[in-house]
Amino acid sequence: MSSIEDPSDDLSVTPPKTWATGLPAVTHALEYSLGQTSVRRTALTLLNVNQAKGIDCPGCAWPEPAPGKRHMNEYCENGAKHINDEATSRRVTRDFFREHSIAELGGMSDYWLNQQGRLTEPMVKRPGATHYEPIGWDEAIGLLARELSGLDSPDEALFYVSGRLNNEAAFLLQLFARAFGTNNLPDCSNMCHESSGSALQETLGIGKGSVSLDDIHDANLVFVVGQNPGTNHPRMLSALEETKRNGGRVVAVNTLPEAGLMRFKHPQRVRGVIGRGTPIADQFLHIRAGGDLALFQALNRLLLDAEEAAPGTVLDHSFIRSSTTGFEDFAAQAEKTSWDDVLAATGLSREEIERVHASVLRSKKIIVCWAMGLTQHKHGVPTIREIVNFLMLRGNIGRPGAGVCPVRGHSNVQGDRTMGVWERMPQGFLDALEREFGFTPPTRHGLDSVNGIRAMRDGSAKVFVGVAGNFVRATPDSAVTEAAMRGCRLTAHVSTKLNRSHTVCGDTALILPTLGRSDRDVQATGEQFITVEDSMSEVHASRGKLPPASPHLLSEVAIVSRLARRTLGDEPSIPWEDFEADYGTIRDRISRVVPGFEDFNSRVARPGGFKLPNPVNERVFRTPSGKAVFTCNEFTMPHVPEGHLLLQTLRSHDQWNTVPYAPNDRYRGIHNARRVVLVNPGDLEALGIADRDEVDLVSVWHDGTERRAENFRVVGYPTSPGSAASYYPETNVLVPLDSVADISNCPTSKGVVVRLEAARTPA
Ligand SMILES: Nc1nc2c(c(=O)[nH]1)N[C@H]1C(S)=C(S)[C@@H](COP(=O)(O)OP(=O)(O)OC[C@H]3O[C@@H](n4cnc5c(=O)[nH]c(N)nc54)[C@H](O)[C@@H]3O)O[C@H]1N2
Ligand SMILES: Nc1nc2c(c(=O)[nH]1)N[C@H]1C(S)=C(S)[C@@H](COP(=O)(O)OP(=O)(O)OC[C@H]3O[C@@H](n4cnc5c(=O)[nH]c(N)nc54)[C@H](O)[C@@H]3O)O[C@H]1N2
Ligand code: SF4
Ligand SMILES: [Mo]
């Protein structure tokens, strides 16, 4: 057995922190890094991360400052953990797979699996086998190609992508899938910012954020809604600190009083390390879960009322008239907003909302930032549409210091979409592929993640190929999803590290180990670099610096190119071999297919790369009417039956998505346990449950089915009344597959109706 053991579950609770990211953050980062690898490798990764000629941080998608403005240590505590989790010196070898059966590995925790280290050679599980065994690359790729070719229809295959994948490999993967004949390209974005994409595409004509770092620094008022930047986008706090220094204000809207929203100590400034730090939020709105739509409806109604009281002084009439449609209908709908509804949905007082309104009136330049606290609710899309209404009323779209800022998760999740990884790419993109490569891509929309699971469950999808990510832990309804995966003929994962998806196998299963961001990538024409696009549409290069984790690894580009060649045969119009040998040739193709990438190779060679144009910033809206669209959004709030709570499933401070690094959530004061549920003390009292009781979380769905996650400790915590919080992925089992956001089909990971029951089988 491996020497790595699961940390014991020994909950201790300290008061939640009221500030984020000072000296302890630096210490924690080094502690984790040195636990994974040597001082030398830690120094190599950390000196290179986010530098102009270095490695793009494999953590979140927050952008780096312009090259001249970077610190020597341009990374955060969590970025350091993410990169050294990849740069670990630990290795998973063929002996490991001989020692551990797949069933045994399936019983291990997500933590344990990840801690085993980097995957080192391709492995196969043959039909009926209990263990993975080694397989050569040629045979592995041949086997996968044969299974794909043997399908009755290309639509029986799914190609899942997670947002760490680089642009070059993502472009090749979608090219391969479409040349093979399917648009089945589900991705992690389906479970993440899909609601943002849906709302922004409809209203502004492009599903991306419109602001830059300079805009954030320059704004008079920044809203941070449904987002925990102290943990998930730590360097965003430096940007907000700058906003404050320039005289701007910050309003934070959250169901939890997150440490990073309160006060920030900059780890790269002496003042930040020893001082009291900068208060971040000027106003904190402790909102009820799912109450954000009502909040922005109330703010919009207040703006319309203020305009009526003093005509011509509040709204930006010239913008509304020249650049938008739908204002009249929106204004009529806003008439219906009732304060009773707003106060019930938000749990806020009228005075609190009026105070925000007063700040809005004082601010010429406003930005709204948001993340999963909005997108993963049933009414996430209308909520974001209402935010767009809010910004448009005073012309806060398409000018400096103002705009929409959906803060993206994975470092290249936005780039993967730009490269065509989407089951519904517009016809213009497909036409460009046809012109460039001479084949006709399929036009029928493909399957997203939720529909992909349904298809595997129903037997209409038979081969699953995952490139990066951990599909069975990222998706909802774990039991249903796992059964669906087991029903496949073949499951294959291109991965850097072991995870639970490798233990949930189809008849045949493949593990295809690959280079990570930090590994040097040398191909036939020499050393390669890859590119990524951050949350603010900056495209730049990333160059690995470390010797690869094993001599048997292939890059993602190489794996996809070889698979395509084996499946489709040699085709002069798509030179897969050249692509593998020289990634510059892929970028040449991208420059001819993807708008905004003209002259890609030379522009990305500049330090810091280049920014993709966003037509919204020229007040050009690529909607059917050519105008930005005001929308009418019905008031709605989550319905939670008596005796139940609305559970959100979120990240602790010590995890990267499905991968826990340690059982701690330092800022929230939770130590040595992950199976905890945070509940408002008032609700605990009403439910007759005591702090530290052991409970099962039981989710209830309207078809009468129940799902259970067992043995959680209750912790009294200032969650907003009626809501509870617990960590993902342990709670994914509770999210019904059919519980999705309207329009975007994003699983409602932040809105799960649960009841707490005394643990059926106490631990
Ligand atoms: N260290 C670290 N960094 C990460 C990740 C990670 O796992 N670890 N994951 C990356 C990825 S892929 C993503 S998408 C991002 C996610 O970044 P976040 O969206 O910050 O991630 P979550 O932990 O899901 O936190 C959701 C936040 O929304 C709040 N919230 C929940 N419900 C509501 C609501 O109804 N209204 C309001 N106003 N607030 C609400 C929660 O209290 C919490 O603060 O982070 C990225 N960065
Ligand atoms: N309940 C609940 N569910 C959620 C969420 C939630 O808030 N609550 N959040 C959702 C969100 S926002 C997201 S983005 C998804 C995340 O879903 P995914 O992106 O699928 O999951 P990750 O945990 O990021 O994937 C981790 C794995 O990626 C692989 N990996 C890491 N780096 C590389 C690399 O460079 N190349 C390759 N090929 N593989 C690599 C490693 O093998 C690692 O085990 O989860 C979603 N699921
Ligand atoms: S803020 Fe995000 S991208 Fe920047 S160093 Fe931290 S984890 Fe990496
Ligand atoms: Mo995400």
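What you see as residue numbers is a count from 1 along each chain, following the sequence as written. Lettering of chains starts at A and numbering of ligands starts at 1, both following the order in which they are written. Local features in this predicted model are restricted to residues whose pLDDT is 70 or higher, and side-chain atom pairs enter the listing and the counts only when it is 80 or higher, whereas totals over whole chains, interfaces and linings include all residues. In computing side-chain properties, one takes all heavy atoms of the structure into account and sets aside hydrogens as well as water.

The name given to the protein in an unreviewed UniProt entry is FdhF/YdeP family oxidoreductase, with the source organism recorded as Streptomyces lannensis. UniProt positions are given in the numbering used here, feature names are shortened, and annotations may be inferred rather than shown by experiment. Listed in UniProt under the heading Sequence similarities (unreviewed entry), the comment for the protein reads: "Belongs to the prokaryotic molybdopterin-containing oxidoreductase family."

**Student:** For this particular structure, what's the right way to read a nonpolar patch on the surface?
**Tutor:** Exposure above 30% relative accessible area and no salt bridge define the residues that can form patches, which grow by joining like charges within 9 Å and nonpolar side chains of Val, Leu, Ile, Met, Phe, Trp and Tyr within 5 Å. We get accessible surface area from the Shrake-Rupley algorithm with a probe of 1.4 Å; when it comes to residues, only the shown protein chains can shield them. For this analysis, a salt bridge means a side-chain nitrogen from Lys or Arg found within 4 Å of a carboxyl oxygen belonging to Asp or Glu. A grouping of Leu30, Leu34 and Val39 is seen on the molecular surface, where their side chains present a nonpolar patch of about 270 Å² in accessible area. The way it works is that DSSP assigns letters per residue, a run of H or I at least four long becomes a helix, a run of E at least two long becomes a strand, and they are numbered from the N terminus. Turning to its location among the elements, Val39 is positioned in helix α2 (residues 39–48). Here's how the labels work: a residue is buried when its accessible area is under 20% of the maximum for its type, exposed when over 50%, partly exposed in between, all with a 1.4 Å probe on protein chains only. For Val39, a relative accessible area of 62% translates into the label exposed.

**Student:** Is there a simple way to think about the nonpolar core in this case?
**Tutor:** Across soluble globular proteins, you tend to see nonpolar side chains buried next to one another. Nonpolar cores are built from buried Ala, Val, Leu, Ile, Met, Phe, Trp, Tyr and Cys residues. Side-chain atoms within 4.5 Å join them into one set. Leu144, Leu148, Phe159 and Phe171 are the most contacted members of the largest nonpolar core, which totals 67 residues. The element best represented in this core is helix α8 (residues 167–180), accounting for 9 residues. Those residues in contact with Phe159, other than ones at most four positions away along the chain, are Leu148, Leu173, Phe176, Ala177, Phe180, Thr182, Asn184, Leu185, Pro186 and Val465. Listed in part, the 51 residues of the second largest apolar core include Phe296, Ile366, Phe390 and Ala628. The contact definition used throughout considers only heavy atoms, calling two residues in contact when any of these lie within 4.5 Å.

**Student:** Looking at this structure, how should I read the sheet that holds strand β13 (residues 366–370)?
**Tutor:** Sheets are built from strands paired through backbone hydrogen bonds, the pairs being either parallel or antiparallel. Paired strands are those between which DSSP finds at least two bridges. Reading across the sheet, the 5 strands line up as β11-β8-β7-β13-β14 and stay open at both edges, with parallel pairing between neighbours. Single-partner strands in this sheet number two, and they are β11 (283–286) and β14 (403–406). The sheet shows a mean angle of 15 degrees between the axes of neighbouring strands, direction not considered. Sheet topology places strand β7 (residues 221–225) next to strand β8 (residues 249–254); 5 bridges connect them, and they run parallel. Among the inter-strand pairings, Leu221 is bridged to a residue of β8, identified as Arg249. Across the sheet, helix α12 (residues 236–245) touches β7, β8 and β13, and the angle it forms with β7 is around 150 degrees. Where helix α19 (residues 350–362) meets the sheet, its contacts fall on β7, β8, β11 and β13, and the angle it forms with β11 comes to roughly 140 degrees. Axes here refer to lines fitted to C-alpha atoms; in helices the fit is confined to the stretch in contact. Angles between the N-to-C directions go from 0 to 180 degrees.

**Student:** In this structure, what is going on with the site of ligand 1? I would like to understand it.
**Tutor:** Proximity criterion: a residue is near a molecule or strand once any of its heavy atoms comes within 4 Å of it. If you check the shell around ligand 1, you find 33 residues, and the closest are Asn254, Glu258, Gly290, Gln655 and Asn657. Pairing of N or O atoms within 3.5 Å defines a polar contact, subject to two protein rules: one partner must be a possible hydrogen donor and the other a possible acceptor, and residues neighboring in sequence count only if both atoms are side-chain atoms. In this structure, Gln655 approaches ligand 1 through a main-chain N or O atom, which is 2.7 Å from a nitrogen atom. A distance of 2.8 Å separates an oxygen atom of ligand 1 from a polar side-chain atom of Lys750. Coverage of ligand 1 by the protein chains reaches 99% of its 920 Å² of free accessible surface. When contributions to the shell around ligand 1 are tallied by element, the ones reaching two or more residues are α3 (77–86), α11 (229–232), β8, α20 (372–375), β24 (645–650) and β25 (655–656).

**Student:** What is the right way to look at the pattern of salt bridges in this model?
**Tutor:** Pairs can form between side chains of opposite charge whenever their charged atoms are close. Tallied over the full model, the rule gives 50 salt bridges. When the shortest N-O distance is used, the salt bridge between Asp56 and Arg517 registers 3.0 Å. Of this pair, Asp56 sits in the loop between α2 and α3 while Arg517 sits in the loop between β17 (508–513) and β18 (522–523); the two residues are 461 residues apart in sequence, bridging distant segments of the chain. Of the charged contacts, one joins Asp696 and Arg708 as a salt bridge, the two residues approaching to 2.8 Å between their closest N and O atoms. Of this pair, Asp696 sits in strand β29 (residues 694–700) while Arg708 sits in strand β30 (residues 706–716), and the two are 12 residues apart along the sequence. Looking at Asp696, the relative accessible area reads 1%, which means it is buried. Owing to a relative accessible area of 22%, Arg708 belongs among the partly exposed residues under this scheme. Linked by salt bridges that have partners in common, Asp187, Glu194, Arg417, Glu423 and Arg424 make up one network.

**Student:** So what exactly am I meant to see when it comes to the UniProt feature "domain: Molybdopterin dinucleotide-binding" (unreviewed entry) in the protein here?
**Tutor:** Residues annotated in UniProt with the feature "domain: Molybdopterin dinucleotide-binding" (unreviewed entry) correspond here to residues 645–751. Across residues 645–751 one finds 7% helix and 36% strand; the C-alpha atoms that close the span lie 9 Å apart.

**Student:** Just to check I follow, could you spell out the site of ligand 3 for this structure?
**Tutor:** Close contacts around ligand 3 come from Asn50, Cys57, Cys60, Trp62, Tyr75, Cys76, Gly79, His82, Pro234 and Arg235, and that covers them all. Only Asp, Glu, Lys and Arg are considered charged in this grouping, and only Ala, Val, Leu, Ile, Met, Phe, Trp, Tyr, Cys and Pro are considered nonpolar; every other residue, Gly among them, is considered polar. For the shell around ligand 3, a count of residues per class yields 6 nonpolar, 3 polar and 1 charged.

**Student:** How do you make sense of the side chain of His379 when you look at a structure like this?
**Tutor:** Following the sequence through the fold, His379 ends up in the loop between α20 and α21 (380–393). Among residues more than four places away in sequence, those in contact with His379 are Gly290, Leu293, Thr636 and Pro638.

**Student:** Would you explain the side chain of Gln655 in this entry?
**Tutor:** Within the element layout of this structure, Gln655 appears in strand β25. Looking at Gln655, its side chain comes within polar contact range of the main-chain nitrogen of Ser652, at 2.9 Å. Apart from the residues within four sequence positions on either side, Gln655 is in contact with His82, Leu650, Pro660, Tyr661, Arg674, Tyr727, Tyr728 and Pro729.

**Student:** I keep staring at the environment of Arg90 and nothing clicks. Help me out?
**Tutor:** Note that Arg90 resides in the loop between α3 and β2 (91–92). Judged by relative accessible area, which is 25%, Arg90 ranks as partly exposed.

**Student:** Please clarify how helix α18 (residues 339–346) should be interpreted in this entry.
**Tutor:** What α18 keeps buried is the set Trp339, Val342, Ala345 and Thr346. The buried side chains of α18 occupy one side of the element, clustering within an arc of 135 degrees when seen end-on. Looking at the packing, one finds that the buried side of α18 touches β11, α15 (292–309) and α19. A positive phi of about 70 degrees marks Gly347, the residue just after α18. To obtain the arc, one takes the directions from the helix axis to the C-beta atoms.

**Student:** It is not clear to me how the pairing of strand β21 (residues 538–542) should be interpreted in this structure. Could you clarify?
**Tutor:** The side chains of a regular strand alternate, first on one face of the sheet and then on the other. Taking burial as the measure, the 5 residues of β21 include 4 buried ones, the bulk of the element. The pairing of strand β20 (residues 530–533) with β21 spans 4 bridges and is classified as antiparallel. From the neighbouring strand, Glu533 faces β21, where its bridge partner is Val539. Turn length for the β20-β21 hairpin, with the two strands adjacent in sequence and antiparallel, is 4 residues, and the turn residue Ser537 shows positive phi of about 65 degrees.

**Student:** How should I be thinking about the sheet that holds β21 in this particular structure?
**Tutor:** On the basis of which strands lie adjacent, the open sheet formed by 3 strands has the order β20-β21-β22 and antiparallel pairing. Here the strands that pair on one side only, and so sit at the sheet edges, are β20 and β22 (610–611). The strands that α8 touches are β20 and β21; relative to β20, the one it contacts most, it runs at about 90 degrees.

**Student:** Just checking my understanding: could you explain unusual backbone geometry for this structure?
**Tutor:** Negative phi values dominate among residues other than glycine, just as trans dominates among peptide bonds. Pro729 follows Tyr728 through a cis peptide bond whose omega is 10 degrees. Residue position: Pro729 is located in the loop between β31 (723–727) and β32 (752–758). Even without glycine at this site, Arg619 takes up a positive phi of about 55 degrees. On the secondary structure map, Arg619 appears in the loop between β22 and β23 (628–629). Although it is not a glycine, Asn745 adopts a positive phi angle of roughly 65 degrees. Examined against the element boundaries, Asn745 turns out to sit in the loop between β31 and β32. The buried category is assigned to Asn745, whose relative accessible area is 16%.

**Student:** What am I meant to see in the domain arrangement of the protein here?
**Tutor:** You'll often see interface size given as the accessible area lost when the parts meet. Annotation comment: domain bounds sourced from an automatic or database domain assignment. Here the domain parsing of the protein yields domain 1 (12–86), domain 2 (93–192 + 412–514 + 557–596), domain 3 (194–406) and domain 4 (645–758). Here domain 2 and domain 3 have C-alpha centroids that lie 37 Å from each other. Listed per partner, the contact involves 9 residues of domain 2 and 5 residues of domain 3. Along the contact surface separating domain 2 from domain 3 lie 2 salt bridges. In this structure, the salt-bridge partner of Glu194 is Arg424, at a minimum N-O distance of 3.7 Å. Among the residues forming the side of domain 2 that touches domain 3, the class breakdown is 3 nonpolar, 4 polar and 2 charged.

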